[in-house]
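Read off the chains here:
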Amino acid sequence: MAQQGSIITDEMKKQIGVKGVPTVLEVEKGLIRMMAEALDDPNPLWQDEEYAEKSKYGGIIAPPALLCCARAGTGRGVQMKSPFPRALAGGDEVEYLKPLKAGDVITSVSHIAEYNEREGKRGPMLFTTIETTYKNQRDEVVAISRSTFISY
Amino acid sequence: MAKKQLYYEDVEVGTEVTPLAKVATTQMLVKWAGGSGDFNPLHFEDSFAASQGVDSPIVHGALKRAWLGHLMTDWIGDGGFLKKLACQYRGMDYPRKMKTITDPQEGETWWCRGTVTKKYVEDDQHIVECDIWVENAKGEKTTPGSATVVLPFKKAKS
């Protein structure tokens with residue numbers, strides 16, 4: 001039963017833990033370069049083959065920002081419902097377990113982890129936290145992210 | 001171009017993370033949208049941004065998180081590993097508009113900064129925790145967060 005006046009409906013609660021559509025992303029060198037350029041990050045580990053080969057990674061790796069974004073499938077297929085018209089990203093927490101290497105094929109799956117409601121300056125606000133797990137082609141978890149969206 | 005490696009012994013609680021300057025431009029937001037796949041018009045369309053109550057297009061929160069990732073990967077060097085990065089999007093940031101195809105107008109420069117809050121050894125890993133943030137030109141922390149990194153240990157070199 002929803003609490004009196006709660007904006008978190010039973011229908012919304014049913015979505016907690018329901019897994020979204022998996023996203024498969026091949027970590028191509030071109031995509032890594034695009035991200036590095038967008039970030040204005042000249043780190044040779046992202047782009048310089050020769051340099052990266054001599055590093056402990058033995059080849060090009062991706063900047064950590066490549067995970068936890070729409071392209072990596074974060075939040076995909078999750079039925080996020082809100083009674084409010086406006087939504088903003090509230091924050092993210094990403095735990096990295098393995099380096100992300102060029103050529104890796106990452107499969108990510110998201111689900112709603114929790115809802116919270118709070119009274120803000122502009123009225124009631126809904127916080128929705130989405131958790132996403134990213135696995136590589138060897139079925140190893142490379143990262144887990146928790147993203148919070150605020151609607152009001 | 002060998003980069004200088006930071007070691008666990010080099011840092012203490014209170015040590016400053018080497019600051020990193022960033023300039024958000026409308027052009028950078030376009031590039032980030034393409035790279036990250038975030039095509040929310042909140043980040044490129046005036047009228048939609050206004051309808052969302054933010055006056056004009058704002059810098060993607062994830063782009064500011066990516067800047068903080070850059071801050072940390074630069075600081076820890078090739079031998080370090082970023083284990084955890086968290087941040088909150090507390091304040092809006094507005095990109096500089098472009099003056100030419102390559103150069104932005106005069107305006108705001110952001111700084112990514114951090115300080116070490118904790119260092120310890122756990123499961124044979126030399127771990128350092130930091131408070132990190134993006135601050136705007138007024139010195140306001142629009143994107144506060146934290147990072148956990150693993151650093152190499154000098155005594156383990158031999």
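What counts, and where the lines are drawn
- Residues numbered from 1 in each chain as written.
- Chains lettered and ligands numbered in written order.
- Predicted model: local features only at pLDDT ≥ 70, side-chain atom pairs only at ≥ 80, totals over all residues.
- Heavy atoms only, no water.
- 1 Å grid on protein atoms, 1.4 Å probe; cavity = no way out; pocket = protein on both sides within 12 Å on 5 of 7 lines; lining within 4 Å.
- Points joined across faces, edges and corners; volume = space filled by probe spheres on them.
- Helix = DSSP H or I, 4+ residues; strand = E, 2+ residues; numbered from the N terminus.
- Pairing = 2+ DSSP bridges.
- Axes fitted to C-alpha atoms, helices over the stretch in contact; angles between N-to-C directions.
- Contact = heavy atoms within 4.5 Å.
- Phe/Tyr/Trp six-rings, centres within 6.5 Å; stacked < 30°, edge-to-face > 60°.
- Buried < 20%, exposed > 50% of the residue type's maximum accessible area, 1.4 Å probe, protein only.
- Lys NZ or Arg CZ within 6 Å of the ring centre and 35° of its normal.
- Arc of directions from axis to C-beta.
- Core = buried A, V, L, I, M, F, W, Y, C linked by side-chain atoms within 4.5 Å.
- Parallel < 35°, antiparallel > 145°, perpendicular 65-115°, else oblique.
- Nonpolar A, V, L, I, M, F, W, Y, C, P; charged D, E, K, R; others polar.
- Buried area = accessible area lost by both parts, 1.4 Å probe.
- Salt bridge = Lys/Arg side-chain N within 4 Å of Asp/Glu carboxyl O.

Asker: Help me out: how do you make sense of empty space enclosed by the protein in this one?
Answerer: Empty space left among the atoms is revealed by rolling a probe the size of a water molecule over them. As enumerated under the stated definition, the model contains one cavity of 30 Å³ or more in all. The computed volume of the largest cavity comes to approximately 250 Å³. Tyr 57, Ile 61 and Pro 64 of chain A together with Thr 73 and Phe 81 of chain B are the residues nearest the centre of the largest cavity, which is lined by 20 residues in total. Listing elements by their share of the lining of the largest cavity, those giving two or more residues are α3 (44–47) of chain A together with α3 (61–76) and β2 (81–88) of chain B.

Asker: I keep staring at the sheet that holds strand β2 (residues 87–96) of chain A and nothing clicks. Help me out?
Answerer: Working definition: the strands of a sheet are paired by backbone hydrogen bonds and lie parallel or antiparallel to each other. An order of β1(A)-β3(A)-β4(A)-β5(A)-β2(A)-β2(B)-β5(B)-β4(B)-β3(B)-β1(B) is seen for the ten strands of this open sheet, with the pairing classed as antiparallel. Taken across any chain shown, the strands that pair with only one partner, and hence form the sheet edges, are β1 (23–26) of chain A together with β1 (16–22) of chain B. For this sheet the average axis-to-axis angle between neighbouring strands, irrespective of direction, equals 25 degrees. As judged from the six bridges shared by β2 of chain B and strand β5 (residues 141–150) of chain B, these two strands associate in the antiparallel manner. What sits directly across from Ala 86 of chain B, in β5 of chain B, is Ser 146 of chain B. Where α3 of chain B meets the sheet, its contacts fall on β2 of chain A together with β1, β2, β3 (110–122), β4 (125–135) and β5 of chain B, and the angle it forms with β1 of chain B comes to roughly 135 degrees.

Asker: What exactly am I supposed to notice about the packing of aromatic side chains here?
Answerer: We describe a pair of aromatic rings using the distance from one ring centre to the other and the angle between the two ring planes. A complete count under the given rule lists two aromatic pairs over all chains for this structure. Look at Tyr 8 of chain B and Phe 153 of chain B: their rings are 6.2 Å apart centre to centre, the planes differ by 70 degrees, and that puts the pair in the edge-to-face class. In this pair, Tyr 8 of chain B is assigned in the segment before β1 and Phe 153 of chain B in the segment after β5, connecting sequence segments 145 residues apart. Here the aromatic rings of Trp 67 of chain B and Trp 110 of chain B are separated by 6.1 Å at their centres, their planes lie at 55 degrees, and the arrangement is tilted. Of this pair, Trp 67 of chain B sits in helix α3 while Trp 110 of chain B sits in strand β3, placing them 43 residues apart in sequence. On the basis of relative accessibility, which here comes to 0%, the residue Trp 67 of chain B falls in the buried class. Cation over ring: Arg 118 of chain A sits above Phe 127 of chain A, and NZ or CZ is 4.2 Å from the ring centre.

Asker: Honestly, helix α2 (residues 29–39) of chain A in this entry has me stumped. Any pointers?
Answerer: Residues lying three or four places apart along an α-helix face the same way, a consequence of the helix completing one turn every 3.6 residues. Listed in full, the buried residues belonging to α2 of chain A are Leu 31, Ile 32, Met 35, Ala 36, Ala 38 and Leu 39 of chain A. Taken around the axis of α2 of chain A, the buried residues stretch over an arc of 160 degrees, which confines them to a single face. Tucked inside the fold, the buried residues of α2 of chain A contact β1 and α3 of chain A together with β1, α1 (26–36) and α3 of chain B. Asp 40 of chain A occupies a position one or two residues after α2 of chain A and carries a positive phi of about 60 degrees.

Asker: Is there a simple way to explain the nonpolar core in this structure?
Answerer: Looking at soluble globular proteins, one finds that nonpolar side chains tend to be buried together. Residues and elements named next belong to chain B. By size, the foremost hydrophobic cluster in this structure holds 65 residues, and its most contacted members are Trp 32, Trp 67, Met 72, Trp 75 and Val 128. Element by element, the count of residues in this core is highest for α3, at nine residues. With sequence-adjacent residues up to four places away left out, Trp 75 is seen in contact with Leu 6, Val 11, Glu 16, Val 17, Thr 18, Val 116, Val 128 and Cys 130.

Asker: I keep staring at the packing of α1 of chain B against α3 of chain B and nothing clicks. Help me out?
Answerer: How two helices pack is summed up by the angle between their axes together with the distance between the axes. Residue and element names in this part refer to chain B. Contact pair α1 / α3: the axes reach a minimum separation of 10 Å and the direction vectors enclose 90 degrees. Judged on the interaxial angle alone, α3 and α1 are roughly perpendicular. Along the contact surface, α1 presents Met 28, Leu 29 and Trp 32, while α3 presents Ala 62, Leu 63, Ala 66 and Trp 67. Here the residues of the contact of α1 with α3 are counted per class, giving seven nonpolar, no polar and no charged.

Asker: In this structure, what is going on with the pairing of strand β3 (residues 105–120) of chain A? I would like to understand it.
Answerer: Residue and element names in this part refer to chain A. Where β1 and β3 come together, four bridges link them in antiparallel fashion. Among the inter-strand pairings, Thr 23 is bridged to a residue of β3, identified as Ser 108. Note: β3 against strand β4 (residues 123–135), 13 bridges, orientation antiparallel. When the bridges of β4 are listed, Glu 114 appears paired with Thr 129. Hairpin connection of β3 to β4: two residues between the antiparallel strands.

Asker: When you look at the interface of chain B and chain A in this model, what are you seeing that I'm missing?
Answerer: By convention, interface size is frequently given as the accessible area that disappears when the constituent parts associate. In this assembly, 37 residues from chain B lie in contact with 40 residues from chain A. Note on chain B versus chain A: buried area summed over both sides is about 3,000 Å², and carbon and sulfur give 54% of it. Taken as a group, Arg 65, Asp 78 and Phe 81 of chain B account for 18% of the area that chain B buries against chain A, more than any other trio of residues on that side. Linking chain B with chain A are two salt bridges, by the criterion used here. Here Glu 93 of chain A and Lys 84 of chain B are joined by a salt bridge, their closest N and O atoms 3.7 Å apart.

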